[in-house]
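Take a look at the letters that make up each chain.
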Amino acid sequence: MQSGATCLEVVNGDITGLDYDAIVNAANSSLLGGGGVDGAIHRAAGPDLVHECRLLGGCKTGQAKITKGYRLKARYIIHTVGPVWRGGDFGEPELLASCYRSSLNVARGHQLESMAFPAISTGIYGFPMPAAAAVATRTVIEFLVAQPEIFRKIAFVCFDVGASAIFQQALSEALRM
Ligand code: ADP
């Protein structure tokens with residue numbers, strides 16, 4: 001699918017093997033590694049990643065920081081900290097939107113043209129997948145409408161076919177808005 005100059009796609013699979021300028025990591029606030037996609041990215045990138053992460057001094061929820069990609073095909077990793085789902089009345093949707101915006105801004109600051117997002121907060125942090133997909137796709141499209149010439153390609157990477165179907169539908173709906 002297309003938004004301005006940007007190709008938007010939902011990709012099913014493991015984000016660690018993808019060849020984008022940057023992949024986004026759903027990190028925790030320490031930035032020192034964890035479970036889920038964070039653990040997979042640290043294992044695939046190798047031990048130099050955690051050394052660079054130690055220098056960053058952590059990251060607040062909704063913000064993003066960049067490192068090199070080390071052994072990954074992706075040149076960079078953008079680490080963002082999603083909100084823990086506490087029922088939805090504690091600013092979780094706005095904080096999740098902030099993760100996507102902050103990551104896009106960091107990528108723009110490094111003149112990156114392609115990036116791949118995992119479904120931030122939908123694993124260990126418990127954000128319901130349909131609500132997370134709506135926030136993710138709307139936020140990215142709003143950014144692309146405001147700044148149509150920045151990115152060539154953006155992917156939403158889902159680990160299973162159920163999540164991919166939810167993201168595909170959310171993307172279609174967000175593009176109609
Ligand atoms: P969070 O703590 O932000 O919830 P998780 O890593 O637990 O982060 O999960 C975020 C999403 O990433 C989940 O939907 C999970 O299924 C997915 N995921 C886990 N490993 C990978 C991977 N290697 N590639 C892509 N997505 C992954």
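Up top you'll find the structure we're talking about.
Residues numbered from 1 in each chain as written. Predicted model: local features only at pLDDT ≥ 70, side-chain atom pairs only at ≥ 80, totals over all residues. Heavy atoms only, no water.

A word on unusual backbone geometry
How we decide: Using a 1.4 Å probe on the protein chains alone, a residue whose accessible area is under 20% of its type maximum counts as buried, one over 50% counts as exposed, and one in between counts as partly exposed. Starting at the N terminus, helices and strands are each numbered in turn, a helix being any DSSP run of H or I of at least four residues and a strand any DSSP run of E of at least two.
A positive phi angle, near 60 degrees, is found at Leu31, a position not held by glycine. You can call Leu31 buried: its relative accessible area is 1%. Non-glycine residue Tyr70 carries a positive phi angle of around 55 degrees. Here Tyr70 lies in the loop between strand S4 (64-68) and strand S5 (76-81).

Here we look at the packing of aromatic side chains
Note the following rule: Aromatic rings from Phe, Tyr and Trp, taking only the six-membered ring of Trp, are treated as a pair when their centres fall within 6.5 Å; an angle between ring planes under 30 degrees marks them as stacked, one over 60 as edge-to-face, and anything in between as tilted. By definition here, charges over rings are those cases where NZ of Lys or CZ of Arg is within 6 Å of the ring centre and within 35 degrees of the ring normal.
In total, this model carries five aromatic pairs according to the counting rule given. Measuring from ring centre to ring centre gives 5.7 Å for Phe156 and Phe167, while their planes differ by 40 degrees; the resulting arrangement is tilted. Separated by eleven residues along the polypeptide, Phe156 in strand S7 (residues 153-158) and Phe167 in helix H5 (residues 161-176) bring together distant segments of the chain. Take Phe156 and Phe167: they sit in the same class, and that class is buried. Among the aromatic residues, ring-to-ring pairing joins Tyr100, Phe117, Phe156 and Phe167 into one connected group. Above the ring of Phe90, the side-chain terminus of Arg86 is found at 4.1 Å from the ring centroid. Looking at Lys153, its charged tip hangs above the ring of Tyr20, at a distance of 4.6 Å from the centre.

Comments concerning the nonpolar core
Stated precisely, the cut-off is as follows: For our purposes a nonpolar core is just a set of buried Ala, Val, Leu, Ile, Met, Phe, Trp, Tyr and Cys residues, chained together by side-chain atoms within 4.5 Å. The contact criterion used is simple: two residues touch if any of their non-hydrogen atoms lie within 4.5 Å.
The biggest cluster of nonpolar side chains holds 39 residues, and the ones touching the most others in it are Ile78, Met115, Phe117, Val140, Ile154 and Phe167. Mapped by element, the contributors of at least two residues to this core are strand S2 (6-12), strand S3 (22-27), S4, helix H3 (92-109), strand S6 (114-118), helix H4 (129-146), S7 and H5. Residue contributions to this core peak at nine residues, all from H4. Excluding anything up to four places from it in sequence, Ile78 contacts Ala22, Ile23, Val24, Asn25, Ala64, Lys65, Ile66, Ser103, Val106, Ala107 and Met115. Grouped together as the second largest cluster of nonpolar side chains are 19 residues, Tyr20, Ile41, Ala116 and Val157 included.

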